[in-house]
Number of protein chains: 2
Amino acid sequence: MKGSVAGAKITGPPRVHDVQRLRRRLDAHMRQRGLRSTDQRRVIVDTFFDIDEHATIDRLAELVRSRDPRIGYATVYRTVRMLVASGVAKERRFGDGHTRYELADEQAHHDHLICLACGRITVFEEPSIEPVRQRIAERHGFELHEHKHELYGLCEQCRKG
Amino acid sequence: MKGSVAGAKITGPPRVHDVQRLRRRLDAHMRQRGLRSTDQRRVIVDTFFDIDEHATIDRLAELVRSRDPRIGYATVYRTVRMLVASGVAKERRFGDGHTRYELADEQAHHDHLICLACGRITVFEEPSIEPVRQRIAERHGFELHEHKHELYGLCEQCRKG
DNA sequence: ATTATTGCAAATATTTTGCAATAAC
DNA sequence: GTTATTGCAAAATATTTGCAATAAT
């Protein structure tokens with residue numbers, strides 16, 4: 001089902017990605033490793049920065065192709081992998097079988113509410129939980145690197161409808 | 001790579017699954033839907049109740065086959081799906097590409113610490129977060145059904161090693 | 001010139017299903 | 001007897017890669 005991705009729009013407080021900083025980080029990553037700047041990568045990266053969606057590779061490839069139809073799926077795939085490796089993108093799996101990608105949030109971590117009925121993804125921030133996580137990690141001798149906190153249920157529309 | 005599943009043992013406080021209750025729930029589920037009790041299902045379900053692991057289908061099938069080699073992968077797969085449908089098993093994806101299953105925890109929710117180096121899965125309970133989750137859900141008009149809270153990092157051994 | 005990148009098609013990996021044979025009810 | 005279940009093999013999904021052609025440095 002490569003062509004039929006449900007459009008998972010984001011709702012919630014408008015987030016300000018520090019796009020400039022992320023672009024610099026990507027540039028540094030590429031420079032350090034001798035990775036080359038190509039037309040394809042520029043289009044893919046620009047598209048990824050433009051969309052405010054938890055996009056799948058398929059969805060991103062679709063958008064990329066609307067800008068340049070000659071760019072192949074594999075190139076989109078490999079470029080996204082590069083984005084993840086550089087820390088610019090985060091991989092998310094919400095359990096519907098589609099791996100999604102979003103811009104890394106440099107300022108604050110955010111987590112997700114996922115509607116079980118319509119698949120809508122809403123972001124939230126709850127900094128008060130962070131120290132609790134730290135405490136849990138310590139209690140288990142664990143060095144905490146990252147986390148996922150996902151709340152599943154019914155969104156406002158789906159409760160009513 | 002169907003045969004090569006890293007053995008992700010559980011560490012942490014010994015959990016007491018209310019196995020009796022879960023078995024009754026499964027029985028009720030099966031009765032209600034006219035599902036039949038077969039030798040294969042009995043072996044698979046017993047095996048699943050016996051192991052205290054976040055097992056993949058492959059791992060479960062392996063253990064099942066050590067009890068009865070004639071039971072096919074598809075039957076294990078479909079039986080696990082039945083367990084999930086009845087609420088007796090929970091599906092977990094920790095991002096290593098292997099979907100895992102564990103007994104549902106009727107008494108208390110538990111969440112997971114996952115070591116990024118060795119894959120070790122440790123469970124934890126932190127009831128104090130529950131009201132925070134409720135508050136987040138309410139704030140977004142969301143009816144909360146379930147959640148995932150996963151902490152990724154390095155376990156004690158891997159920090160030292 | 002050298003080496004990374006691209007795009008295709010093919011390989012992997014995993015999950016899911018069609019169907020004839022079998023077994024539970 | 002009727003209908004669910006099994007087990008195989010095959011289909012469906014999703015992800016990843018080999019390689020010859022191409023492009024960036």
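Quick note: structure is the one above.
Just so it is clear, the structure is predicted and the values come from calculations on it, not from any experiment.

### A closer look at the pairing of strand β6 (residues 121-124) of chain B
All names here are of chain B. With burial as the criterion, each face of β6 is covered, one bearing I121 and V123 and the other bearing T122 and F124. As defined by bridge partners, strand β5 (residues 111-115) adjoins β6 across four bridges and the pair is classed as antiparallel. Residue pairing in the sheet places I114 in a bridge with I121 of β6. Joining the antiparallel neighbours β5 and β6 is a turn of five residues, in which G119 adopts a positive phi near 85°.

### Here we look at the sheet that holds strand β4 (residues 99-103) of chain A
Residues and elements named next belong to chain A. Judged by pairing direction, the sheet is antiparallel, and its three strands sit side by side in the order β2-β4-β3 without closing on themselves. Taken across any chain shown, the strands that pair with only one partner, and hence form the sheet edges, are β2 (55-56) and β3 (89-93). Pairing geometry for β3 and β4, over five bridges, is antiparallel. The residue of β4 that forms the bridge with R93 is T99.

### Things to note about the pattern of salt bridges
All names here are of chain A. What the rule picks out here adds up to 32 salt bridges over all chains. Linking R21 and D18 is a salt bridge whose minimum nitrogen-to-oxygen distance equals 2.9 Å. Notably, a salt bridge pairs E62 with R59, separated by 2.7 Å at the nearest N-O pair. Note that E62 and R59 are positioned in helix α3 (residues 57-67) at a spacing of three residues, about one turn of the helix. You can call E62 partly exposed: its relative accessible area is 42%. Look at the salt bridges and you will find they share partners, linking E53, R59 and E62 into a network.

### A closer look at the protein's contact with DNA strand D
Among the 24 residues in the neighbourhood of DNA strand D, the closest are listed as Y77 of chain A together with R36, T38, R41 and R78 of chain B. Counting only atoms of DNA strand D within 4 Å of the protein, the fraction found in sugar and phosphate groups is 69%. Within the backbone of R70 of chain B, an N or O atom sits 2.8 Å from a phosphate oxygen of DNA strand D. Secondary structure elements with two or more residues in the surface near DNA strand D: α4 (73-85) of chain A together with α2 (39-50) and α4 (73-85) of chain B.

### A closer look at the relation of the copies chain B and chain A
Mapping chain B onto chain A calls for a screw motion: a turn of 180° about the axis and a shift of 0.0 Å along it, with 0.1 Å RMSD after fitting. Taken together, the rotation and translation describe the operation of a two-fold axis. Across chain B, the smallest distance between a C-alpha and the rotation axis is recorded for H149 of chain B, namely 2.2 Å. Comparing interface residues between copies, 100% of those in chain B also sit at the interface in chain A, which points to an isologous, same-surface contact.

### Some points on the sheet that holds strand β2 (residues 55-56) of chain B
Residues and elements named next belong to chain B. Sheet architecture is open: three strands sit in the order β2-β4-β3, paired in antiparallel fashion. At either margin of the open sheet sits one strand with a lone partner, and together these are β2 and β3 (89-93). Bridge count for β2 against strand β4 (residues 99-103) is two bridges, and the pairing is antiparallel. Residue T56 lies in a different strand from β4, and its bridge partner there is R100.

### Focus: the protein's contact with DNA strand C
If you check the shell around DNA strand C, you find 24 residues, and the closest are R36, T38, R41 and R78 of chain A together with Y77 of chain B. Those atoms of DNA strand C that come within 4 Å of the protein belong to sugar or phosphate at a rate of 71%. The contact in question runs from a phosphate oxygen of DNA strand C to an N or O atom on the side chain of Y77 of chain B, over 2.3 Å. Listing elements by their share of the surface near DNA strand C, those giving two or more residues are α2 (39-50) and α4 of chain A together with α4 of chain B. Ranked by residue count, the leading element in the surface near DNA strand C is α4 of chain B, at five residues. Here the surface near DNA strand C is built from residues that sort into seven nonpolar, nine polar and eight charged.

### With respect to helix α5 (residues 130-139) of chain A
Among all positions of α5 of chain A, only V132, R133, I136 and A137 of chain A are buried. End-on view of α5 of chain A: buried residues confined to an arc of 140°, all on one side of the axis. Facing away from the buried side of α5 of chain A, by more than 90 degrees, are the exposed residues P131 and E138 of chain A. On the buried face of α5 of chain A, the contacting elements are β5 (111-115) and β7 (143-154) of chain A together with β5, β6 and β7 (143-154) of chain B. At the C-terminal side of α5 of chain A, G141 of chain A shows a positive phi close to 65°.

The rules we used
- Residues numbered from 1 in each chain as written.
- Chains lettered and ligands numbered in written order.
- Predicted model: local features only at pLDDT ≥ 70, side-chain atom pairs only at ≥ 80, totals over all residues.
- Heavy atoms only, no water.
- Buried < 20%, exposed > 50% of the residue type's maximum accessible area, 1.4 Å probe, protein only.
- Helix = DSSP H or I, 4+ residues; strand = E, 2+ residues; numbered from the N terminus.
- Pairing = 2+ DSSP bridges.
- Salt bridge = Lys/Arg side-chain N within 4 Å of Asp/Glu carboxyl O.
- Near = heavy atom within 4 Å.
- Polar contact = N/O pair within 3.5 Å; in protein donor to acceptor, adjacent residues only side chain to side chain.
- Least-squares fit on C-alpha atoms with pLDDT ≥ 70 in both.
- Contact = heavy atoms within 4.5 Å.
- Nonpolar A, V, L, I, M, F, W, Y, C, P; charged D, E, K, R; others polar.
- Arc of directions from axis to C-beta.

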